[in-house]
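# Chains, contacts and geometry: an overview
Residue-level listing of the chains:
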Amino acid sequence: MVSKVFFSGMSQRQPMLTRVVGLAATGLTLSLLSSCILVTDTSRMNIDVFQDEVAPVWHDPARTPPAATQPVPQRRELYQTQFHQTYGLPVTNPLHRTMYGVIRDNDHTLPAIPLDRVNRDMLRQEVDYQTAEVPGTIVVDTKAHYLYFVQENGKAVRYGVGLGRDGFAWSGRGVIERKAKWPHWTPSDEMVARQPNLKPVSASEGGMVAGLKNPLGARALYIYQDGKDTLYRVHGTPDWQSVGKATSSGCVRMFNQDVIDLFDRMPNKTPIVVI
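Below is a summary of the structure that appears in this document. (Residues numbered from 1 in each chain as written. Predicted model: local features only at pLDDT ≥ 70, side-chain atom pairs only at ≥ 80, totals over all residues. Heavy atoms only, no water.)

### Section: the environment of Gln241
As for its placement among the helices and strands, Gln241 is situated in the loop between strand S10 (228-237) and strand S11 (246-248). By relative accessible area, Gln241 is classed as partly exposed at 42%. Placed 127 residues apart in sequence, Gln241 and Pro114 show a C-alpha to C-alpha distance of 9.6 Å. (Helix = DSSP H or I, 4+ residues; strand = E, 2+ residues; numbered from the N terminus. Buried < 20%, exposed > 50% of the residue type's maximum accessible area, 1.4 Å probe, protein only.)

Right, dumping it as structure tokens:
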């Protein structure tokens, strides 16, 4: 009777025991899994591992051998194409763009100077200039192709100029007795004799009227010596490529934008020295 009761009790407890054992097994499994997940990855604290993961793959200085030494080109062909011949290279100085840009003057429109095709030393600038000449004097340095308008305190405004060919240059001291805007041009009889193509604009034909193609350009300063016209001028030119060169018949050529600037700075009777 006792044994029957015992086995009967055991049979009633069996499902409960099975559930307890199952829950214990499940808890143990979850514990083991969680312990695996929560293990700290100490490899990421290793600086070598960190560098390998974050270093750019295309350039790792520690692992990329240095490139072979490349030869530096000694000659640069800047103007190989017609595009470069026409437009040149970019200009970086915005002040020069303003100084040498398009100008509307006395019903004439002066085109901009293509700055990327001229020598930068020929462009207008204020410079240190020690001279015995008094401020307000024009000094033309024929060797360097510069015209200086002397200022106070050892300064001068320097302009690039084109000058006369050998045998046609003039030098000495004089005075600017007259200055003119958009001057009429009349070549001398000697010049017409040397260049017969100038006969249509000779004195007998009335000379050449002012304009963009006039050789005297936008302004002319007339050089006198001892009260007499030397027939030499400081003047603008439509041929901007001649500035910095010796191509004229003795006169001093300037960019039109520069001769306008000089014209506005100086009065009549300004002394001039050509050396």
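### A short note on the packing of aromatic side chains
Within a pair of aromatic rings, the relevant descriptors are the distance that separates the centres and the angle that separates the planes. Throughout the structure, instances matching the rule amount to 3 aromatic pairs. On the numbers, 5.7 Å between centres and 80 degrees between planes, the contact of Tyr100 with Phe255 is edge-to-face. With a gap of 155 residues between them, Tyr100 in the loop between helix H4 (94-99) and strand S1 (103-105) and Phe255 in strand S12 (residues 252-255) connect regions that are remote in the sequence. According to the relative accessible area criterion, Tyr100 is buried, its value standing at 1%. Pairwise contacts between aromatic rings join Tyr129, Tyr146 and Tyr148 into one cluster. The ring of Tyr222 is capped by Arg178, whose NZ or CZ atom sits 3.8 Å from the centre of that ring. The ring of Phe263 has Lys179 sitting right over it, with the charged end atom 4.3 Å from the ring centre. (Phe/Tyr/Trp six-rings, centres within 6.5 Å; stacked < 30°, edge-to-face > 60°. Lys NZ or Arg CZ within 6 Å of the ring centre and 35° of its normal.)

### What to know about the nonpolar core
By size, the foremost hydrophobic cluster in this structure holds 26 residues, and its most contacted members are Ile138, Leu147, Val234 and Leu262. Sorting the residues of this core by element identifies strand S4 (138-141), strand S5 (146-150), strand S6 (155-160), strand S9 (219-225), S10, S12, helix H6 (256-265) and strand S13 (270-274) as the ones contributing at least two each. Among the elements that make up this core, the one with the highest residue count is H6 (4 residues). Leaving out residues up to four positions away in the same chain, Leu147 has contacts with Ile138, Val139, Val140, Val157, Arg158, Tyr159, Val161, Val234, Val252, Met254 and Leu262. Within the second largest apolar cluster, 17 residues are counted, among which are Met99, Ile113, Trp240 and Val243. (Core = buried A, V, L, I, M, F, W, Y, C linked by side-chain atoms within 4.5 Å. Contact = heavy atoms within 4.5 Å.)

### Details of the pattern of salt bridges
As enumerated under the stated definition, the model contains 9 salt bridges in all. Ionic pairing is found between Asp258 and Arg124, a salt bridge with its closest N-O pair at 2.9 Å. Of the two residues, Asp258 sits in helix H6 while Arg124 sits in the loop between strand S2 (108-110) and strand S3 (125-128), which places them 134 residues apart along the sequence. For the pair Asp258 and Arg124, one class covers both residues: buried. For the salt bridge of Lys155 with Asp128, the shortest nitrogen-to-oxygen distance reads 2.5 Å. Taken together, the residues span a long stretch of sequence, with Lys155 in strand S6 and Asp128 in strand S3 at a distance of 27 residues. Assessed through its relative accessible area of 30%, Lys155 is described here as partly exposed. Judged by its relative accessible area of 59%, Asp128 is exposed. (Salt bridge = Lys/Arg side-chain N within 4 Å of Asp/Glu carboxyl O.)

### Description of the sheet that holds S5
Think of a sheet as strands paired side by side through backbone hydrogen bonds, with each pair either parallel or antiparallel. As summarised here, the arrangement of the 9 strands in space is S3-S6-S5-S4-S13-S8-S9-S10-S12, forming an open sheet in which the pairing is mixed. Of all the strands in the sheet, the pair left with one neighbour each is S3 and S12. On average, adjacent strands in this sheet sit at an angle of 30 degrees to one another, irrespective of strand direction. For S5 and S6, the ladder comprises 5 bridges, and the chain directions are antiparallel. For Phe149, the partnering residue across the bridge sits in S6 and is Val157. Those strands touched by H6 are S4, S5, S6, strand S8 (172-181), S9, S10 and S12, and its axis lies near 105 degrees from that of S12. (Pairing = 2+ DSSP bridges. Axes fitted to C-alpha atoms, helices over the stretch in contact; angles between N-to-C directions.)

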